[in-house]
Amino acid sequence: MTYAKRIGPRGAAGGGEVLLEPYLSGWRGLIRFLQSLGAVFSFISKDAVAKVALLEGHQQQHGFVSLQSLVQHELAAGPAALRARSDSGCRTVLRLHRALRWLQLFLEGLRSGEPRTSVLCTDAYNASLAQHHPWVVRKAATVAFCALPSRDAFLEIMNVGSQEEAVAMLGEAIPYIGDVYSITQELFTQHKLLDLP
Ligand code: 1Q0
């Protein structure tokens, strides 16, 4: 399954919108993949499941089509009210947005040929999510990364055919992830939402 590919509406939405439906179903696919890697990762997948479920709830309640419409709706209550909420869609998207940067870096590393996935994963993590996590989470994450399968096994369980085909799939998927990342980054910069508590 081309999980990562389903995240992004590359070129599909003229105004550079991130459609919520494919965004959330992309995350669901990634979470299933993570769950298949074993119980060591369950503290990560549980958090991701909760965040996707929260966004799904907001999406269903308000009928949001895109990340843009969610942000617009929540901003209407005023920036102070938004900052005070621990269950806002915006702060939840921000967490997934930071994780998407990790994914982009990790997949780029995987594609590049470095065989030690735990090194790739740690480097990607340190360059992205780590700065937003307290020590204890960083520690637990770094321990879990040691349980990652080797590059060969990883490309195999992606289940897209030969290693060459898996690498080619990454080459196609990474730009979509990059698009979603930069559109979201711009949206959150514009509305000064990049530091939502
Ligand atoms: C393959 C290894 C996966 C490693 C995932 C890297 C992320 C590490 C994150 C570790 C911390 C998770 C525990 C909870 C953290 C929360 O405190 C934190 C902040 O939230 P809050 O509400 O407390 O402010 N949450 C987060 O930072 C969100 C973390 C979301 C992680 C989502 C990971 C999704 C996994 C994807 C696996 C993809 C493997 C690649 C497959 C490619 C196939 C084409």
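Just so it is clear, the structure is predicted and the values come from calculations on it, not from any experiment.

A. Highlighting the overall build of the protein chain. From N to C terminus, the protein chain includes nine helices and zero strands. Listing every helix and strand of the protein chain by position from the N terminus yields α-α-α-α-α-α-α-α-α. For a compact globule of 197 residues, the expected C-alpha radius of gyration is about 16 Å, and the protein chain comes in at 17 Å, within 12% of that figure. In terms of its C-alpha atoms, the protein chain occupies a principal-axis envelope of roughly 50 × 40 × 25 Å. The proportion of buried residues among the 197 residues of the protein chain is 44%. A separation of at least 24 residues holds for 70% of the contacts in the protein chain among residues at least 6 apart in sequence. Of the roughly 9,600 Å² that the protein chain leaves accessible, carbon and sulfur atoms contribute 56%.

B. Structural context of helix H2 (residues 42-62). In a regular helix each residue adds 1.5 Å, so 21 residues correspond to 30 Å; H2 covers 30 Å between its end C-alpha atoms and thus fits that length. Of the surrounding elements, those touching the buried residues of H2 are helix H1 (20-36), helix H3 (67-75) and helix H5 (89-112). Phi turns positive, to about 70°, at Gly63, one or two residues after H2.

C. Fine view of the side chain of Thr92. Here Thr92 lies in helix H5. At a separation of 2.8 Å, a polar atom in the side chain of Thr92 contacts the main-chain carbonyl oxygen of Ser88. Sequence-distant contacts of Thr92, that is, excluding residues within four places in its chain, are made with Lys51, Leu54 and Leu55.

D. Examining the site of the ligand more closely. Around the ligand, a shell composed of 24 residues is seen, among which Asp47, Lys51, Arg91, Arg95 and His133 lie nearest. Asp47 has a polar side-chain atom sitting 2.8 Å from a nitrogen atom of the ligand. Within the side chain of His133, a nitrogen or oxygen atom sits 2.8 Å from an oxygen atom of the ligand. When the ligand is considered free in solution it has 980 Å² of accessible area, and contact with the protein chains removes 90% of it.

E. Geometry of the environment of Glu108. Within the secondary structure layout, Glu108 lies in helix H5. Separated by 63 residues in the primary sequence, Glu108 and Gly171 place their C-alpha atoms 8.3 Å from one another.

F. The arrangement of H5 in detail. In this model H5 runs 34 Å from its N-terminal to its C-terminal C-alpha over 24 residues, within 8% of the 34 Å that 1.5 Å per residue would give. Within H5, 18 of the 24 residues are buried, leaving the element largely enclosed by the surrounding structure. Gly113, located one to two residues past H5, shows a positive phi value of around 110°.

Conventions we followed
Residues numbered from 1 in each chain as written. Predicted model: local features only at pLDDT ≥ 70, side-chain atom pairs only at ≥ 80, totals over all residues. Heavy atoms only, no water. Helix = DSSP H or I, 4+ residues; strand = E, 2+ residues; numbered from the N terminus. Rg over C-alpha atoms; globule rule 2.2 N^0.38 Å. Buried < 20%, exposed > 50% of the residue type's maximum accessible area, 1.4 Å probe, protein only. Contact = heavy atoms within 4.5 Å. Areas by Shrake-Rupley, 256 points an atom, 1.4 Å probe, with all protein chains shown as cover. Expected span 1.5 Å × (residues − 1). Polar contact = N/O pair within 3.5 Å; in protein donor to acceptor, adjacent residues only side chain to side chain. Near = heavy atom within 4 Å.

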